[in-house]
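Chain and residue survey
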Amino acid sequence: MDNLFAIFISMALINNLVLSKFLGLCPFFGVSKKLSNAVSMGLAVIMVMTAASIVSWLIFFYILIPFGIDYMSTVIFILVIASLVQILELTIKRTNASLYNALGIYLPLITTNCAVLGITFINVRSEFNFIETIVSALGAGVGFTLVLAIMSGIRERLDIADVPKAFKGIPVAFLVAMMLGICFIAFSGMV
Amino acid sequence: MKEIIENLKNGIIKSNPVLILLLGLCPTLAVSTSIDNAFGMTAAVLFVLISSNIIVSLIRNYTPQRVRIPVFIVIIATLVTIVDLTMQAFLPSLSKSLGIFIPLIVVNCIILGRAEAFASKNKVPNAIMDALGMGIGFGIAITIISFFRQILGTGNLNVFGNEIFQAPGLSENPMPIFILPMGAFLVISILLATLRYSGVIKSG
């Protein structure tokens, strides 16, 4: 149990996907302009990330390894993610219209989100067991959502701040990301 | 001929994938800790980009419109697997330091973006030049960033084990924050702001 908690904290805060692994930077800068969008995107990422990690873990250890074709993992994992995103999109559309309205446009974007593919590789390469894989994917998703929400809150304020012309927009967002990263170093003593 | 040179220049200057379109940020920032890594990543991206543009351009008249994106992704994933296995066999140390960012070339937006926006609509020679231009543009950006990060973070400039330059003062007291992830954000932020201030890039 302690071990699972350590994995969760490490994935969410210490080895945060965005700030220390550089995964998922495109949505981090693209969707972080409004808080509500950022939270919707984060929820969509948590869902897809957990589902993709579970399916790709099962495929990797029960199909690819026994047949000795683990070199196919790149092709298989991206296909798993692409089809999962399609299935999730259809299911949400049929069952929950208001959730679909909130998450709908973000789901297709997630197919080419390197955070999702990255976390499946990290789980397989760290040789986590099944439960650890689920916890690590959840932790990574929560960490991603947390940072995305903080960033969008700061950027809503930055829009009305007096920033030098050359830094306006993306450059100042990079500077904010740097300072957030320094703040997140403080978590490194926790585990 | 003129058109082909125009395609090449487009990727390097006018729509540089990293500095102007802001695509492929993840690998650019993550592996730019040393010039060796930057060159390795550029070579891998260049190979995948050129090959995928050639293949996509060759099959552009036979691919049904509806399934074109999955087809492109499978082509790219196959090419990335080739690069990954080749690098593990012949350059194990480079493969280790690039880590998961080699398989992650699959979801690099530059490659899928060029396949969809350019190669699926143009002839093979144009597609090759476009891929070369975009690849070189990516390489220039990642090399500049890794140059500053390596100099400021370690004080030395080592390229494939040969020491080229040692910054006086810095090599005894380097600033390791530039090797840490935060340094990447700082360097690209100042680089973008400088390019905008000097008018190379339009701000906005």
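What you see is a predicted model, and the numbers here were worked out from it, not measured in a lab. (Residues numbered from 1 in each chain as written. Chains lettered and ligands numbered in written order. Predicted model: local features only at pLDDT ≥ 70, side-chain atom pairs only at ≥ 80, totals over all residues.)

What follows covers the overall build of chain B. Looking only at helices and strands, chain B has 8 helices and 2 strands in total. Reading the secondary structure of chain B in the N-to-C direction produces α-α-α-α-α-α-α-β-β-α. Computed over C-alpha atoms, the radius of gyration of chain B comes to 18 Å, within 12% of the 17 Å expected from 2.2 N^0.38 for 204 residues, which places it in the range of a compact globule. Dimensions of chain B, computed from C-alpha atoms along their principal axes, come out at roughly 60 × 45 × 30 Å. For chain B, the proportion of its 204 residues judged to be buried stands at 44%. A sequence separation of at least 24 residues applies to 75% of the contacts in chain B between residues at least 6 apart. (Helix = DSSP H or I, 4+ residues; strand = E, 2+ residues; numbered from the N terminus. Rg over C-alpha atoms; globule rule 2.2 N^0.38 Å. Buried ≥ 20, exposed ≤ 12 C-beta atoms within 10 Å, placed from the backbone. Contact = placed C-beta atoms within 7 Å.)

A few words now on the overall build of chain A. A tally of helices and strands in chain A yields 10 helices and 0 strands. For chain A, the α and β elements follow one another from N to C terminus as α-α-α-α-α-α-α-α-α-α. A globule of 191 residues ought to have a C-alpha radius of gyration of about 16 Å, and chain A, at 17 Å, matches this closely. Expressed as lengths along the three principal axes of its C-alpha atoms, the size of chain A is roughly 60 × 45 × 30 Å.

This paragraph deals with the nonpolar core. Core analysis: the biggest nonpolar cluster contains 110 residues, and A:Val116, A:Leu117, B:Val48 and B:Ile76 have the highest contact counts within it. Discounting residues that sit within four places of it in the chain, B:Ile76 has contacts with B:Val48, B:Ser52, B:Val106, B:Ile111 and B:Leu112. (Core = buried A, V, L, I, M, F, W, Y, C linked by C-beta atoms within 7 Å.)

Moving on to unusual backbone geometry. Trans is the common state for peptide bonds, and a negative phi is the common state for residues other than glycine. Even without being a glycine, A:Phe22 presents a positive backbone phi close to 55 degrees. Note on placement: A:Phe22 falls in the loop between α2 (17–21) and α3 (25–30). Even without being glycine, B:Leu22 reaches a positive phi, approximately 55 degrees. Mapped onto the secondary structure, B:Leu22 falls in the loop between α1 (2–14) and α2 (25–30). Classification of B:Leu22 as partly exposed rests on a count of 18 C-beta atoms within 10 Å.

The next subject is the packing of helix α4 (residues 35–64) of chain A against helix α5 (residues 73–95) of chain A. All names here are of chain A. Running from N to C, α4 and α5 point in directions that differ by 140 degrees, and their axes come no closer than 10 Å. Classified by the interaxial angle, the pair formed by α4 and α5 is oblique. For the crossing formed where α4 meets α5, the hand is right-handed. In contact with Met47, Val48, Ala51, Ala52, Val55, Ser56, Ile59, Phe60 and Leu64 of α4, α5 contributes Ser73, Ile76, Phe77, Val80, Ile81, Leu84, Val85 and Leu88. Here the residues of the contact of α4 with α5 are counted per class, giving 15 nonpolar, 2 polar and no charged. (Axes fitted to C-alpha atoms, helices over the stretch in contact; angles between N-to-C directions. Parallel < 35°, antiparallel > 145°, perpendicular 65-115°, else oblique. Left-handed = near helix turned anticlockwise from the far one by under 90°. Nonpolar A, V, L, I, M, F, W, Y, C, P; charged D, E, K, R; others polar.)

Next up on the list: the interface of chain A and chain B. The partner chain B presents 32 residues to the 30 residues of chain A that form the contact. Elements supplying a minimum of two residues to the side of chain A that touches chain B: α2, α3, α5, α8 (114–125) and α10 (170–185) of chain A. A total of 8 residues in the side of chain A that touches chain B trace back to one element, the largest contributor, which is α10(A). Each residue belonging to the side of chain A that touches chain B can be placed in one class, and the counts come to 22 nonpolar, 6 polar and 2 charged.

Residue and element names in this part refer to chain B. Residue position: Ala167 is located in the loop between β2 (162–166) and α8 (181–197). The partly exposed category is assigned to Ala167, around which 14 C-beta atoms lie within 10 Å. With residues near it in sequence (within four places) discarded, Ala167 still touches Ile151 and Gly155.

A few words now on α5(A). With 23 residues, α5(A) extends 32 Å between its outermost C-alpha atoms, agreeing within 8% with the 33 Å of an ideal straight helix rising 1.5 Å per residue. Those residues of α5(A) that are buried are in contact with α4, α6 (97–103), α7 (106–110) and α8 of chain A together with α4 (68–90) of chain B. (Expected span 1.5 Å × (residues − 1).)

To continue, consider the pairing of strand β1 (residues 156–159) of chain B. All names here are of chain B. Relative to β2, β1 runs antiparallel, the two being bridged by 4 bridges. For Leu157, the partnering residue across the bridge sits in β2 and is Phe165. Between β1 and β2, which pair antiparallel in sequence order, lie 2 residues; one of them, Phe160, sits at a positive phi of approximately 50 degrees. (Pairing = 2+ DSSP bridges.)

An ideal rise of 1.5 Å per residue puts 24 Å on 17 residues; α8(B) measures up with 25 Å between its terminal C-alpha atoms. Of all 17 residues making up α8(B), 12 are buried, and the element is well covered by its neighbours. Turning to α8(B), its buried residues are B:Pro181, B:Met182, B:Gly183, B:Ala184, B:Phe185, B:Leu186, B:Val187, B:Ile188, B:Ser189, B:Leu192, B:Ala193 and B:Arg196. Buried residues in α8(B) make contact with α2 and α10 of chain A together with α2 and α7 (124–154) of chain B. With its phi angle positive at about 85 degrees, B:Gly199 sits one or two positions after the end of α8(B).

Turning next to the packing of α10(A) against α8(B). Where α10(A) meets α8(B), the axes come as close as 8 Å, and the angle between the chain directions of the two elements is 160 degrees. As the angle between them shows, α10(A) and α8(B) are arranged roughly antiparallel. Relative to α8(B), α10(A) is oriented so that their crossing is left-handed. Together, A:Ile170, A:Pro171, A:Phe174, A:Leu175, A:Ala177, A:Met178, A:Gly181 and A:Ile182 of α10(A) and B:Pro181, B:Met182, B:Phe185, B:Leu186, B:Ile188, B:Ser189, B:Leu192 and B:Ala193 of α8(B) make up the contact between the two elements. Partitioned by chemical class, the residues of the contact of α10(A) with α8(B) number 14 nonpolar, 2 polar and no charged.

In this section: the confidence of the model for chain B. Residues and elements named next belong to chain B. Averaged over chain B, the pLDDT score is 86; the fraction of residues at 70 or greater is 98%. Here β2 is the element of chain B with the lowest mean pLDDT, 75, and helix α3 (residues 35–58) is the one with the highest, 93. At the level of chain-chain contacts, confidence expressed as ipTM amounts to 0.84, with global pTM at 0.87. (pLDDT = per-residue confidence, 0-100.)

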